[in-house]
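# Geometric and topological summary
Below are the chains, spelled out letter by letter.
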Amino acid sequence: MAPTVGDFIVERLHAWGVRRIFGYPGDGINGVFGALNRAKGKIEFVQARHEEMAAFMASAHAKFTGELGVCIATSGPGASHLITGMYDARMDHMPVLAIVGQQARASLGGHYQQELDLVSMFKDVAGSFVQQASVPGQVRHLVDRAVRTALGKREVTALILPNDLQDLPYEAPARKHGTVHSGVGYRAPRTVPQPEDLRRAAQVLNAGKKVAILVGAGALHATEEIIAVANKLGAGVAKALLGKAALPDDLPWVTGSIGLLGTEPSYKLMTECDTLLMIGSGFPYSEFLPKEGQARGVQIDIKPDMLSLRYPMEVNLVGDSVETLRELLPLLEPRADREWRDTVEGWTADWWKKLEERALAGAEGGVNPQRTIWELSPRVPANAIVTSDSGSVANWYARDLKVQRGMMCSLSGGLASMGAAVPYAIAAKFAHPQRPVIALVGDGAMQMNNMAELITVAKYWKQWGDPRWVCMVLNNADLNQVTWEQRVMNGDPKFEASQSIPSVPYHQFAESIGLRGIYVDTPEAMGEAWDQALAADRPTLIEVKADPNVPPLPPHITLQQAKAFATTLIKGDPDQRHVLIDTAKQVLGSVLPGNRKE
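Treat the numbers as computed from the prediction; the structure is a model and nothing was measured. (Residues numbered from 1 in each chain as written. Predicted model: local features only at pLDDT ≥ 70, side-chain atom pairs only at ≥ 80, totals over all residues. Heavy atoms only, no water.)

## Some words on the confidence of the model for the chain
Residues with a pLDDT of 70 or more make up 96% of the chain, whose mean pLDDT is 94. Taken as a whole, residues 590-598 scores under 50 in pLDDT and shows 18 contacts with residues more than four places along the chain or in a different chain. (pLDDT = per-residue confidence, 0-100. Contact = heavy atoms within 4.5 Å.)

Below you can see the structure in the form of structure tokens.
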């Protein structure tokens, strides 16, 4: 039997190094699925419960491997379901290829069932390259350009395949006018700035007395280089959420996360510095960066369109973070004065003590959610991969999880979508089956789409070399982050019709599909729960009955936020008593009598 177009696509993806595809089947893409079946495992297919989750998995695969992430779906609703996960990859600059089916070529334009204008639909999310194939001889260069564009630009691309085309015999492009003859292969270049720009950057950094460094996802592979530069400059280093694993938190001058979910020392670092070095970060919130004109700035980024975007930089360096820092390091002058570094280390040490007091404070309506991550930190294996969902759980992940050298961490950054933690954790486990994986999830995201993906875990976990896959769910029966945003940003009481959600026995659901379930409703049981889950012989779900009224306090409370919160209380919040008590415990810390009672 002659190879079909579908067979060629599978072989071409294999030639490009693709070994895993995440997706869901349907008749619009059956020709490619048949080819995957005939390929007998050359490319592994991972069946998600929903196409959106498959696209999240492809995004996470790219994050945790540096490789191309690939997702696949049928025409119509299958293709449209991919969109959110594709946007997650686009916003976080991840190379992802989406392959989708389409109705037969002769039917297009005829308002046919499941016929959508997919090129137009994908034009924004996959704007760098989205094409629909028309004839067999076109498929070769479409695959090659889609993959090379995704890898080279670190963007999302899409390939649309009419269903009748997929089963046609494959024909190479003829050697004649009007045809395209492409090839396989891409390797990222060594990208470094011009020498004179490096010298200018060094002059700015050497002149600084109070140097602050902000690192993001683009600095994840530059750990040693960042440490060397920070030590030479006597700098403190803050981390954007996507750069959380760039530096271990046992370094006393690492101030932790920045922004609304950030730390007090990171806020002080930015407000008191006179020089800012930003490395591989698109952190968006200008109010947490130095005031314009306060600090001289140097930025390193591989993407020119991200330079001088968040803060007006004096020197902009287009380059790979590792290579650029290596070139920059010899030009930097070592600091003899440790006053600034000592100040930063003092802020950070005080902050960790404050976090411990907050985490161990009692809570009125369940387990203090900070306690869950605080108990995880000393137990998390050094080679673990941790994923977090959006929502209030991201606050505790950002602040309380102490990252060790060698760990990997991520979440939906630019898109900040709910529902990413479990598919991220599944993709992480497929990419690194020998490493323990931990997903931190709120009950809103769990109900939205993550419960179903536990079935995916149940389907595949026995093929993983290490069975340790842990999902912790904060069950507070509340869409908690938005509830607090209503209170603190809008000055409105909790709107129960929109915010209250059903309490579900998540641990029992896990047990019903063959996983292990653990239920925690007292703070003293939290540590033992982590111990059991991380020693279990199968994936485990920890359900924590958490207090929804522990406030996710920002690193700096503005007058506007204080007024809005006061307005909320004047109007009358349905949980007002517990909100006041829990907020007092968090704000007053160890000063408040009995705050550590459990």
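From this point, things continue past the structure.
## Considerations on the packing of helix α14 (residues 369-376) against helix α15 (residues 392-400)
One way to put it is that α14 packs onto α15 with a least axis distance of 9 Å and a crossing angle of 40°. It follows from the interaxial angle that α14 and α15 lie oblique. Of the two elements, α14 crosses α15, and the hand of that crossing is right-handed. Here α14 contributes Pro369, Gln370, Ile373 and Trp374 to the contact with α15, which in turn contributes Trp396, Tyr397 and Asp400. Of the residues assigned to the contact of α14 with α15, the class counts are five nonpolar, one polar and one charged. (Axes fitted to C-alpha atoms, helices over the stretch in contact; angles between N-to-C directions. Helix = DSSP H or I, 4+ residues; strand = E, 2+ residues; numbered from the N terminus. Parallel < 35°, antiparallel > 145°, perpendicular 65-115°, else oblique. Left-handed = near helix turned anticlockwise from the far one by under 90°. Nonpolar A, V, L, I, M, F, W, Y, C, P; charged D, E, K, R; others polar.)

## Focus: the packing of aromatic side chains
Overall, the coordinates contain 10 aromatic pairs when judged by the stated rule. Taken together, a centroid distance of 6.2 Å and an interplanar angle of 75° make the contact between tyrosine 267 and phenylalanine 288 edge-to-face. Of the two residues, tyrosine 267 sits in helix α11 (residues 264-272) while phenylalanine 288 sits in the loop between β10 (275-279) and β11 (296-301), which places them 21 residues apart along the sequence. Of the two residues, tyrosine 267 and phenylalanine 288, neither departs from the other in class, the shared state being buried. (Phe/Tyr/Trp six-rings, centres within 6.5 Å; stacked < 30°, edge-to-face > 60°. Buried < 20%, exposed > 50% of the residue type's maximum accessible area, 1.4 Å probe, protein only.)

## Details of the sheet that holds strand β14 (residues 408-411)
Spatial strand order, β14-β13-β15-β16-β18-β17: six strands in an open sheet with parallel pairing. Strands at the two margins of the open sheet, each flanked by one partner only, are β14 and β17 (516-520). Pairwise comparison of adjacent strand axes, ignoring direction, gives a mean angle of 15° for this sheet. Direction of pairing for strand β16 (residues 469-475) relative to strand β18 (residues 540-545): parallel, over a ladder of six bridges. Paired with asparagine 475 across the two strands is lysine 545, which belongs to β18. Sheet contacts for helix α3 (residues 51-65): β13 (385-388) and β14; angle to β14, the most-contacted strand, approximately 150°. (Pairing = 2+ DSSP bridges.)

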